[in-house]
Amino acid sequence: MEEQHCTAHLADVALPVPLAKAFTYLVPESLANAVGPGCRVLCTLGARRTVGLVISVREGEPPHGAKPLLEVMAGIALPADLVSFLARLASYYLAPIGEVVRLALPPTDRDAERAVSTPTLFPIAKGIAPRKIQWVLATAAIESQIQGQAKAASLLATVRAHGEMPISKLEAQFGGARATIKRLVSQGLLELFEKEAPRDPFFADPIAKDCPPEPTKAQREAIAVLESALASTKPSTFLLHGVTGSGKTEVYLRAIACAKELRRGTIMLVPEIALTPQLVGRFRARFGDDVAVLHSALTPRERFDMWRKLASGEVNVAIGARSALFAPVANLGLVLVDEEHDPSFKQEEGVRYHARDMSILRAHMQGGICVLGSATPSLEAEQLARLGKAHKLSLPNRAREQPMPSVEIIDLRSMGSGPTGNPKLSLPLHRAIEESLSKQEQIILFLNRRGFAPSIRCESCGKLASCPQCSVALTFHKSRGGTMQCHWCDYAAKVIAQCPTCLSNRIALEGLGTEKLEETLSLAFPKARVARLDRDVASGKNIEKVLARVRAREVDILVGTQMVAKGHDLPHVTLVGVINADAALSIPDFRASERAFQLLVQVAGRAGRGEAKGRVLVQTYNPEHHAIAFAVHHDTSGFLERELKDRRELSYPPFSRMALVRVDSLDEAAAKNAAAELAKVARAVACKEGHGALDVRGPAVAPIAKVRNRFRFRVMLKAISRERLRQGALAMHATLGQLPRTVRVTIDVDPVSLL
Ligand code: ADP
Ligand code: ZN
Ligand code: ZN
């Protein structure tokens, strides 16, 4: 019999399996009206039943053995525009569509999950009723009855200052406040009522008063351009290059206000939400509750609540770190990326997407605009502007006309140590700290090494203590009774008193970390209040606490890693010290200079944002290095020019495209062979493409050869065009199924970290 070619109604469905492709199912007549992109469907996968997510529906010839969809699941569906964006993202990064879809799904609700009897691999919460909590409200009654009751009086004063407050907050502040509240209620001074829970910690504080400043001329020009671009509904991209303190935030706020008037939603991406309580405060002051702040401290319920409000258009602005790229904002028209140069926009596990790059795609797919903001644009963004793919908007001066801080080099080659005896606390820096302290001004010291001492060495045989699971040295942390910790895995042990190799007990702690710097400063300046901001002291809530103390001037010297370099606007900081400007330059990465320059300019930008002029001292053994020299002169354009020239000569991004293929396994030989096999496949493609079109490097041992006992190898692809790179990467991708199961391979398209 002749084979029949008939078309049918088909659905491509993402299933939660690590396969690149969506699966095709038949859509039965009875479901035809109910099935659309973004809805969840029950389908068969082999002998199992599973829940998948429809990516697209189409008419076509059904593939051999295609099965029908069984059911459309009730509950929430992903917006169709978000689904097509996810499909494009998955294809670009060669990532399994099932994993990409997970990035955008609202959080799981355990109850909803239990309620469904079939296994739901894509569980989506059904509606959850908002949680009500108890609040108190101050009444107009006169408090004559509570004289002499200190606690009651101050509690009442607090509630009066806020108008109304959740009881839980008063409990936290006053400790066991329930009895007092009860009494005040019985006296008619407080009233109890129920209200929807404040959505998250950022919303626990009352909204600050907003007094929008009159925009400067440069701000006005930038705002006008963005407003007309928003109104035109033509996709476009902007690079907002504004020096530190130039008032980029005000430009963002006005652009969002304009988008709101046009009934379009906004996504704003920031490097790390916990580091930006001030920025969130300004957004809330301007837009009140029309802002969803997405951050890791949210409970699933809060997260779901925000997801629903954004999807329905009830809330129009989403702010968050890179994953906010997937917020289901209705009628999206504006995507803002603040500090677009920040490496945290690249996800370094699972689906390795770059939120900055993808924000352009997301905005454009919706006919919207994308604004990349920075004082130190990435080479990628700068090149987009030079190619005319992005329009550059400049804010060349500080908003309140403060001068840029003066930056001075301290050449450590010719400078001895100051009074502390520590060579990394030179005399000029020591004197500058004294001076600022005497004027009661604040100081930031930047040192990009956490822990107490970066290495632990036996002075007899010279051996370094290293991680038993990774090929890296252990860091000494003084806290918790003195431990040696690996910064690559979770290994931690009590510090050794004796060398395991030569049994000598001459163990030296070498180098300077933030913990030791904090201790050294406390000893040298006993009256100063010293605080530290790095990943060891600060996660989520704690970061906010430290920053709040600095803002309240309860801290004189803030010591920290790159966390202190972020966009903080602290008007009383007049001195910034960079302990070791060379650290960032020693990383084996073609972006080392770029990163060093950005860190220096950003941290320098924290100084002198208030009345008094700022001063920045940069300690270095490399004063001639162009990253340092240009940073000293605040010369971002000069740096970009020079760095672009170097990149072009060496054909590095943005003048080429890269993909880094990482191969690892517990079995060293298996990893090595797999890497060799992948390199061979890529070379075969390179030969076909012709000389110079696709460059394959490796296989080679990774810079960190072993992590968590897995041996690491890599293959690097570099191509002059995106398409060429894709051909090579696709060929490798197609080979993955043939590699031994013990070998893990990740293909990192447009890698940021090369480690
Ligand atoms: P950036 O993010 O560009 O470093 P910010 O947005 O933090 O700068 O602004 C720096 C400071 O300038 C903030 O304190 C802000 O309130 C203030 N500012 C911004 N725009 C204006 C303006 N037009 N007039 C007065 N002050 C402004
Ligand atoms: Zn030894
Ligand atoms: Zn380790």
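To be clear, the structure that these remarks concern was listed above.
None of these values were measured; they are calculated from a predicted model.

Visitor: What am I meant to see in the environment of His633 here?
Guide: As for its placement among the helices and strands, His633 is situated in the loop between helix H17 (626-632) and helix H18 (636-650). The class of His633 is exposed, set by a relative accessible area of 61%. Between the alpha carbons of His633 and Glu408 there is a distance of 9.4 Å; along the sequence they are 225 residues apart. Looking at His633, its side chain comes within polar contact range of the main-chain oxygen of Ala629, at 3.1 Å.

Visitor: Would you explain unusual backbone geometry in this entry?
Guide: Where the residue is not glycine, phi is negative for most of them; where a peptide bond is considered, it is trans in most cases. For the bond from Pro653 to Pro654, the omega torsion is 10°, close enough to zero to count as cis. Within the fold, Pro654 resides in the loop between H18 and strand E27 (657-665). Phi is positive for Arg553, which is not a glycine, with a value near 60°. By the element assignment, Arg553 lies in the loop between helix H15 (541-551) and strand E24 (557-560).

Visitor: Got a minute to help me understand the site of ligand 1 in this structure?
Guide: Close contacts around ligand 1 come from 17 residues, with Glu214, Gln219, Gly245, Thr249 and Asp569 the closest. Within the contact set of ligand 1, a nitrogen atom lies 2.8 Å away from a backbone nitrogen or oxygen of Glu214. Between ligand 1 and the protein, one listed contact pairs an oxygen atom with a backbone N or O atom of Gly247 at 3.1 Å. In isolation ligand 1 offers 560 Å² of accessible surface; the protein chains occlude 84% of this area. Looking at the shell around ligand 1, its residues break down into four nonpolar, seven polar and six charged.

Visitor: When you look at the coordination of the zinc ion (ligand 3) in this model, what are you seeing that I'm missing?
Guide: Note on metal sites: the ideal angle is 109.5 degrees for four tetrahedral donors, and 90 or 180 degrees for six octahedral donors. Within the protein, the zinc ion (ligand 3) binds to Cys467 (SG), Cys470 (SG), Cys486 (SG) and Cys489 (SG); these donor distances fall in the range 2.2 to 2.4 Å. Going along the chain, you hit the donors of the zinc ion (ligand 3) in the pattern C-x2-C-x15-C-x2-C. On the criterion of sequence distance, the pair formed by Cys467 in the loop between strand E18 (455-458) and strand E19 (475-477) and Cys486 in the loop between strand E20 (483-485) and strand E21 (492-494) is long-range, its members being 19 residues apart. Of the two residues, Cys467 and Cys486, both sit in the buried class.

Visitor: What am I meant to see in the coordination of the zinc ion (ligand 2) here?
Guide: Around the zinc ion (ligand 2), the protein contributes the donor atoms Cys458 (SG), Cys461 (SG), Cys499 (SG) and Cys502 (SG), at 2.2 to 2.4 Å from the metal centre. Counting along the primary sequence, the residues that act as donors to the zinc ion (ligand 2) give the motif C-x2-C-x37-C-x2-C. With Cys458 in strand E18 and Cys502 in the loop between E21 and strand E22 (507-510), this residue pair connects regions lying 44 residues apart in the sequence. The exposure class of Cys458 is buried, given its relative accessible area of 3%. Given the relative accessible area of 33%, Cys502 is considered partly exposed.

Visitor: Help me understand the pairing of E24 in this model?
Guide: In summary, the side chains of a regular strand alternate between the two faces of the sheet. Residues Ile557 and Val559 point to one face of E24 and Leu558 and Gly560 to the other, with burial holding for every one of them. Two strands pair when backbone bridges link them, and strand E17 (residues 442-446) and E24 are joined in this way by four bridges, in the parallel orientation. The partner of Leu445 across the bridge, within E24, is Val559. Here strand E23 (residues 530-533) pairs with E24 via four bridges, running parallel. Following the sheet pairing, Leu533 is matched in E24 by Gly560.

Visitor: In this structure, what is going on with the sheet that holds E20? I would like to understand it.
Guide: Strand pairing in a sheet is mediated by backbone hydrogen bonds. Such pairs are either parallel or antiparallel. Ordered in space as E19-E20-E21, the three strands form an open sheet in which the pairing is antiparallel. What marks the edges here is a single partner per strand, and that holds for E19 and E21. Averaged over all adjacent pairs, the angle separating strand axes in this sheet is 30°, with direction ignored.

Visitor: Got a minute to help me understand the packing of aromatic side chains in this structure?
Guide: A ring pair, where both rings are aromatic, is described by two values, the distance of the centres and the angle of the planes. For the coordinates displayed, the defined rule picks out eight aromatic pairs. Pairing Phe283 with Phe287 gives two aromatic rings, centres 6.4 Å apart and planes at 65°, and the pair type is edge-to-face. On the criterion of helical spacing, the pair formed by Phe283 and Phe287 is a turn pair, its members being four residues apart in helix H9 (residues 277-287). You can call Phe283 buried: its relative accessible area is 0%. Grouping aromatic residues by their ring pairs yields a cluster made of Phe85, Phe326 and Tyr353. Above the plane of the ring of Tyr652 lies Lys718, whose end atom (NZ or CZ) is 4.7 Å from the centre.

Visitor: Looking at this structure, how should I read the pattern of salt bridges?
Guide: By the definition in use, this model includes 44 salt bridges. As a salt-bridge pair, Arg356 and Glu340 come within 3.0 Å of each other at their nearest N and O atoms. With Arg356 in helix H11 (residues 355-365) and Glu340 in the loop between strand E13 (332-338) and H11, the pair connects residues that are 16 residues apart, well separated along the chain. One exposure class covers both Arg356 and Glu340, and it is buried. Overlapping salt bridges bring together Lys346, Glu348, Arg352, Arg662 and Asp748 as one network.

Visitor: Would you take a moment to explain the side chain of Gln402 for this structure?
Guide: Relative to the assigned elements, Gln402 resides in the loop between strand E15 (391-395) and strand E16 (406-411). Here Arg609 takes part through its backbone oxygen, which lies 2.6 Å from a polar atom of the side chain of Gln402. Residues in contact with Gln402, not counting those within four places in the same chain, are Gly608, Arg609 and Gly610.

Visitor: Just checking my understanding: could you explain the side chain of Lys718 for this structure?
Guide: Relative to the assigned elements, Lys718 resides in strand E29 (residues 710-719). Here Lys718 occupies a buried position and makes no salt bridge, while the nearest side chain of opposite charge, Asp695, is found at 4.7 Å. In terms of polar contacts, Lys718 uses its side chain to reach the backbone carbonyl oxygen of Leu650, at 3.3 Å. In this structure, Lys718 is in contact with Leu650, Ser651, Tyr652, Ser656, Arg657, Met658, Ala693, Leu694, Asp695, Arg697 and Leu725, ignoring residues within four places of it in sequence.

Visitor: Would you take a moment to explain the sheet that holds E15 for this structure?
Guide: The seven strands lie next to each other as E11-E12-E10-E13-E14-E9-E15, forming an open sheet whose pairing is parallel. Across the chains shown, the open sheet's two edge strands, defined by having one partner strand only, are strand E11 (291-294) and E15. For this sheet, the mean inter-axis angle between neighbouring strands, taken without regard to orientation, is 15°. Note: strand E10 (residues 265-269) against strand E12 (residues 317-320), four bridges, orientation parallel. Residue Thr266 lies in a different strand from E12, and its bridge partner there is Val317. In the packing of helix H7 (residues 217-232) onto the sheet, contacts are made with strand E9 (236-242), E13, strand E14 (369-374) and E15, and the angle to E15 comes to roughly 150°. The strands that H9 touches are E10, E11, E12 and E13; relative to E11, the one it contacts most, it runs at about 160°.

Criteria and thresholds
- Residues numbered from 1 in each chain as written.
- Chains lettered and ligands numbered in written order.
- Predicted model: local features only at pLDDT ≥ 70, side-chain atom pairs only at ≥ 80, totals over all residues.
- Heavy atoms only, no water.
- Helix = DSSP H or I, 4+ residues; strand = E, 2+ residues; numbered from the N terminus.
- Buried < 20%, exposed > 50% of the residue type's maximum accessible area, 1.4 Å probe, protein only.
- Polar contact = N/O pair within 3.5 Å; in protein donor to acceptor, adjacent residues only side chain to side chain.
- Near = heavy atom within 4 Å.
- Areas by Shrake-Rupley, 256 points an atom, 1.4 Å probe, with all protein chains shown as cover.
- Nonpolar A, V, L, I, M, F, W, Y, C, P; charged D, E, K, R; others polar.
- Donors = N, O, S within 2.8 Å, 3.2 Å for Na, K, Ca; no water.
- Pairing = 2+ DSSP bridges.
- Axes fitted to C-alpha atoms, helices over the stretch in contact; angles between N-to-C directions.
- Phe/Tyr/Trp six-rings, centres within 6.5 Å; stacked < 30°, edge-to-face > 60°.
- Lys NZ or Arg CZ within 6 Å of the ring centre and 35° of its normal.
- Salt bridge = Lys/Arg side-chain N within 4 Å of Asp/Glu carboxyl O.
- Contact = heavy atoms within 4.5 Å.
- Lys, Arg positive; Asp, Glu negative; His and termini not counted.

Without other data, these values stay purely geometric and don't point to any function.
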